[in-house]
Amino acid sequence: MARRRLGTLAAVPPLPGVAAVALLLVWAYHDGGYDAGTWYWGALVALALVAIALISPHRPRLSPPVKLALLAFSLYVGWSYLSIAWAASAGDALQGSNRTLLLLLIFALFSLLDWRAEAALWTLVVYVVGLGVIEGAVLIRLATAPDAFAMFSGARLVTPTGYYNATAALFTISALLAIALSVRRELPLLLRGLTLAIGCGGLQLAVLAQSRGWLFTLPAVAVIAALVVRERLRVAVAAAVAVIATLAVLRPLLHVFKILDTPRDPDPVFRHAGRLGLIACGAVFVVGVGLAAWDRRARAPSLSRGVQRALGAVVAAAAIAAAIAGGVAATHGHPFRFVSRQWSGFTNVNGGGDTGSHFSQVGTSRYDFWRVSVHAVGAHPLEGLGQDNFSEYYVTRRRTSEEPTWTHSIELRLLVHTGIVGFLLFTAFVVAAVLAALRARASGGLAGALAGAAMLPLVVWLVHGSVDWFWEMPALSGPALGFLGLAGALAPRGALEPAPATTTRRRVPRSAILAGTGVAVLAGTVVLGFPYLSVNRVSTANHISARNSAQALRDAATAADLNPLSAEPGRVGGTIALRSGRPLEAQQRFEQAIKRDPGGWYAWFGAGLAASALGENIRAQQAFKVAASINDRQRAVTEALARVNTVHPLTPAQGLRLLTLAR
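Values in this document were obtained by computation on a predicted structure and should not be read as measured data.

## Here's the deal with the state of the cysteines
- Across all of its chains, the model carries 0 disulfides by this definition.
- Unpaired in this structure, C200 has its nearest cysteine sulfur neighbour in C281, at a distance of 4.2 Å.
- A residue is classified by how much of its surface remains accessible, and C200, at 0% relative accessible area, is buried.

## Examining the pattern of salt bridges
- Tallying each qualifying case throughout the model produces 21 salt bridges.
- Taking the shortest distance from any N to any O, the salt bridge between E231 and R184 comes out at 3.2 Å. Placement of E231 in the loop between α9 (212-228) and α10 (232-248) and of R184 in the loop between α7 (164-181) and α8 (189-208) is noted, with a sequence separation of 47 residues between them.
- For E231, a relative accessible area of 33% gives the class partly exposed.
- Owing to a relative accessible area of 7%, R184 belongs among the buried residues under this scheme.
- Linking R619 and E591 is a salt bridge whose minimum nitrogen-to-oxygen distance equals 2.3 Å. Linking R619 in helix α26 (residues 617-630) with E591 in helix α24 (residues 583-596), this pair joins segments that are 28 residues apart in sequence.
- E591 sits in the partly exposed class, given a relative accessible area of 29%.

## What about α10?
- In this model, α10 (17 residues) spans 24 Å end to end at C-alpha, consistent with the 24 Å of a helix rising 1.5 Å per residue.
- When α10 is considered as a whole, its buried residues turn out to be V235, A238, V241, A242, A245 and T246. Looking straight down α10, one finds that the buried residues subtend no more than 130° of arc, so they occupy a single side. Of the residues in α10, the exposed ones pointing more than 90 degrees away from the buried face are I244 and A248.
- The secondary structure elements touched by the buried residues of α10 are α7, α8, α11 (250-259) and α12 (267-297).

## So, empty space enclosed by the protein
- Applying the stated rule across the entire model yields 2 cavities of 30 Å³ or more.
- Estimates place the volume of the largest cavity at around 70 Å³.
- In terms of lining residues, the largest cavity is bounded by A180, L181, V183, R184, V229, R230, V235, A449, L450 and A453.

## As for the nonpolar core
- Among the nonpolar cores identified, the biggest contains 144 residues, and F73, Y127, F429 and W461 are the most heavily contacted of them.
- Counting residues per element, this core draws most heavily on helix α6 (residues 117-144), which supplies 13 residues.
- Filtering out sequence-adjacent residues up to four positions away, F429 remains in contact with A69, A72, F73, F107, L481 and L484.
- Among the nonpolar cores identified, the runner-up in size contains 38 residues, and A541, F605, A627 and I630 belong to it.

## Description of the side chain of Q587
- By secondary structure assignment, the location of Q587 is in helix α24.
- Ignoring anything within four residues of it in the chain, the contact list for Q587 reads A610, A611, L614, E616 and R619.

## Description of a nonpolar patch on the surface
- A grouping of L233, V237, V287 and L291 is seen on the molecular surface, where their side chains present a nonpolar patch of about 280 Å² in accessible area.
- For the nonpolar patch, the secondary-structure elements that each account for two or more residues are α10 and α12.

## Describing unusual backbone geometry
- The step from T159 to P160 runs through a cis peptide bond, and the omega angle for that step is 10°.
- Even without being a glycine, D31 presents a positive backbone phi close to 55°.
- As for its placement among the helices and strands, D31 is situated in the loop between α2 (15-29) and α3 (36-55).
- Positive phi is not limited to glycine here, since Q210 has a value of about 50°.
- Structurally, Q210 is set in the loop between α8 and α9.
- Given a relative accessible area of 1%, Q210 falls into the buried group.

## What about the packing of helix α19 (residues 456-463) against helix α20 (residues 474-489)?
- Where α19 meets α20, the axes come as close as 7 Å, and the angle between the chain directions of the two elements is 135°. In terms of their interaxial angle, α19 and α20 are classed as oblique. Considering the relative orientation of α19 and α20, their crossing is left-handed. Note on element contacts: α20 touches α19 through L476, S477, P479, A480, L481, F483 and L484, opposite P457, L458 and W461.
- Class assignment of the residues belonging to the contact of α19 with α20 gives a composition of 9 nonpolar, 1 polar and no charged.

## Some points on the environment of E639
- Mapped onto the elements of the fold, E639 is located in helix α27 (residues 635-643).
- Separated by 11 residues in the primary sequence, E639 and A628 have C-alpha atoms spaced 10.0 Å apart.

## As for the environment of G445
- Along the chain, G445 falls in helix α18 (residues 445-454).
- Taking the C-alpha atoms as reference points, G445 and A117, separated by 328 residues in sequence, lie 9.0 Å from one another.

## Some words on the packing of aromatic side chains
- Inspection of the entire model under this criterion finds 25 aromatic pairs.
- Considering the side-chain rings of Y40 and Y532, the 6.3 Å spacing of their centres and the 40° angle between planes classify their relative orientation as tilted. Placement of the pair is Y40 in helix α3 and Y532 in helix α21 (residues 510-544), with a sequence separation of 492 residues. With respect to burial, Y40 and Y532 carry one shared label: buried.

## With respect to α19
- Judged by how many residues are buried, α19 sits mostly within the fold: 7 of 8 residues are covered.
- Every buried residue belonging to α19 is among L456, P457, L458, V459, V460, W461 and V463, and all of these are buried.
- Where α19 is buried, its residues meet α7, α9, α17 (410-441), α18 and α20.

## Observations concerning the side chain of R99
- Take R99: it is sitting in helix α5 (residues 90-112).
- For R99, a relative accessible area of 3% puts it in the buried group.
- Leaving out residues up to four positions away in the same chain, R99 has contacts with W39, D388, W406, R413, W471 and E472.

Parameters at a glance
- Residues numbered from 1 in each chain as written.
- Predicted model: local features only at pLDDT ≥ 70, side-chain atom pairs only at ≥ 80, totals over all residues.
- Heavy atoms only, no water.
- Disulfide = S-S within 2.5 Å.
- Buried < 20%, exposed > 50% of the residue type's maximum accessible area, 1.4 Å probe, protein only.
- Salt bridge = Lys/Arg side-chain N within 4 Å of Asp/Glu carboxyl O.
- Helix = DSSP H or I, 4+ residues; strand = E, 2+ residues; numbered from the N terminus.
- Expected span 1.5 Å × (residues − 1).
- Arc of directions from axis to C-beta.
- Contact = heavy atoms within 4.5 Å.
- 1 Å grid on protein atoms, 1.4 Å probe; cavity = no way out; pocket = protein on both sides within 12 Å on 5 of 7 lines; lining within 4 Å.
- Points joined across faces, edges and corners; volume = space filled by probe spheres on them.
- Core = buried A, V, L, I, M, F, W, Y, C linked by side-chain atoms within 4.5 Å.
- Patch = residues over 30% accessible without salt bridge, like charges linked within 9 Å, V, L, I, M, F, W, Y side chains within 5 Å.
- Areas by Shrake-Rupley, 256 points an atom, 1.4 Å probe, with all protein chains shown as cover.
- Axes fitted to C-alpha atoms, helices over the stretch in contact; angles between N-to-C directions.
- Parallel < 35°, antiparallel > 145°, perpendicular 65-115°, else oblique.
- Left-handed = near helix turned anticlockwise from the far one by under 90°.
- Nonpolar A, V, L, I, M, F, W, Y, C, P; charged D, E, K, R; others polar.
- Phe/Tyr/Trp six-rings, centres within 6.5 Å; stacked < 30°, edge-to-face > 60°.

Spelled out as structure tokens, the structure:
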């Protein structure tokens, strides 16, 4: 009876871990957590949870690889904050460093908790079921709601992250984790069927996102995932069920893209795809429960290594055949032509093409993003541009009309923003953390299997994130790094127990731990709290500007005081002042933004509009010239410069309207 009670207690996840999983799900539901107003408060919550974990009397001893990972990540965060000193936009560097601190807090939290295998299992199940609820809501809305088109942008699914590539990655994480958990005999039969159905739903929604980056990186993700998980044969069988069900409804899913590009009513196509998707998930649930029942009753046969390899080869061949069939269907029967056209479109930055699906279209600006990124690395190899300072550097060197904020590659992001020093520090963190996770995976049993499964989000984040911007999405970077920390914490219990009393090793006094934790929490609260309050004030100013411009301007001024490095309050305040007919105040606000971020073209443009409205043509012309030197592809800027000394200069209302039309 005592042993059973112990097992029950061991299955209870640590409360900070449950809270962290809830935070990950909130981010997943709320635009991927991308908005600063969302992830900032999440960072403060994570900081509090880490403090609780640090002062817990049951905190386990950390293995050397985990300690090294925490040290390397902490040094990277410190280097990131140091980059504020040389960044062109100190405010952007501060915000980017705070986001990096958030990622460290998530990894540290999951690494510091006293995980038992049963508790880790239920924690991962809660996360997967939470994503399954989101999947079900999307499929039900697709099948029933008349406004289902609102979940799409450019005929591609963007809900819930707001960005189709991130949506594809999120649901791929959901599918991989759900499939890996569906084979666990420790779970009830119905839950095993449910997780397998969630895996099927995740694959379907990833297809609806129509991400070419997802399609190109999927083979590598699948291969690495197969290497990472344990009990590969059982996982492969479960995966085959979900993949086959997804292939059965692939054409209706792809048809959603085609119908949104035509004048026809998309509702019938939406409903058809949604209903078939739900039916497929229901069928997978039934099959999953049946397989789980058979798996529980049947004894695992004793197979020789040769037979295991043969079965593995058969399953691998079936998986490859299914992947090929899906690729052929997605590229409309011409996979080789598809690859050739994609490469041509990638290097020549062309758009258009076959509209049968987004998979078959060509055209991307990533080649130019990466070209400028390589240039930035060559210009600033050791220190980088400063955290989150790529955007302004790209605009002055681009060959496209786009203004990306991010490099669209995790590796280039590290090199461009924090240089070789930052790249090596973060690489050291990843290597150490993965070694800790592999050590836990090698331990075997439930802990080993869960350690392998917990690494799957990292696989998606690193592989697909190599050609996209996932660092900035807490809904993706959170589970990737958090569950990596969980995997490392699942090392054999003997390595984590407190040292025996007879050892001569000194332990840190609890008073020192409490004092250190208090200082760290205070510092973290200051560095995160004031920028968060500033972001909130800016958001409030934007929200009320139409009905109470005077209060909105006061809020923007307060935001500028709360974060003396950010140019955003000045830009927002200047815009509100222009719209409300206060050109003198607008000029002052934009000048504040220029002092904080002289490389931002918009503040120069706004200052020019304000000066022109005040009749200061020479000052306006100088401001417009600077804005044009930074961004000569912006029509509003060039037109303002051309008309500044005419009898009909561009008015603030006309200038802001041109910017709106250009978006």
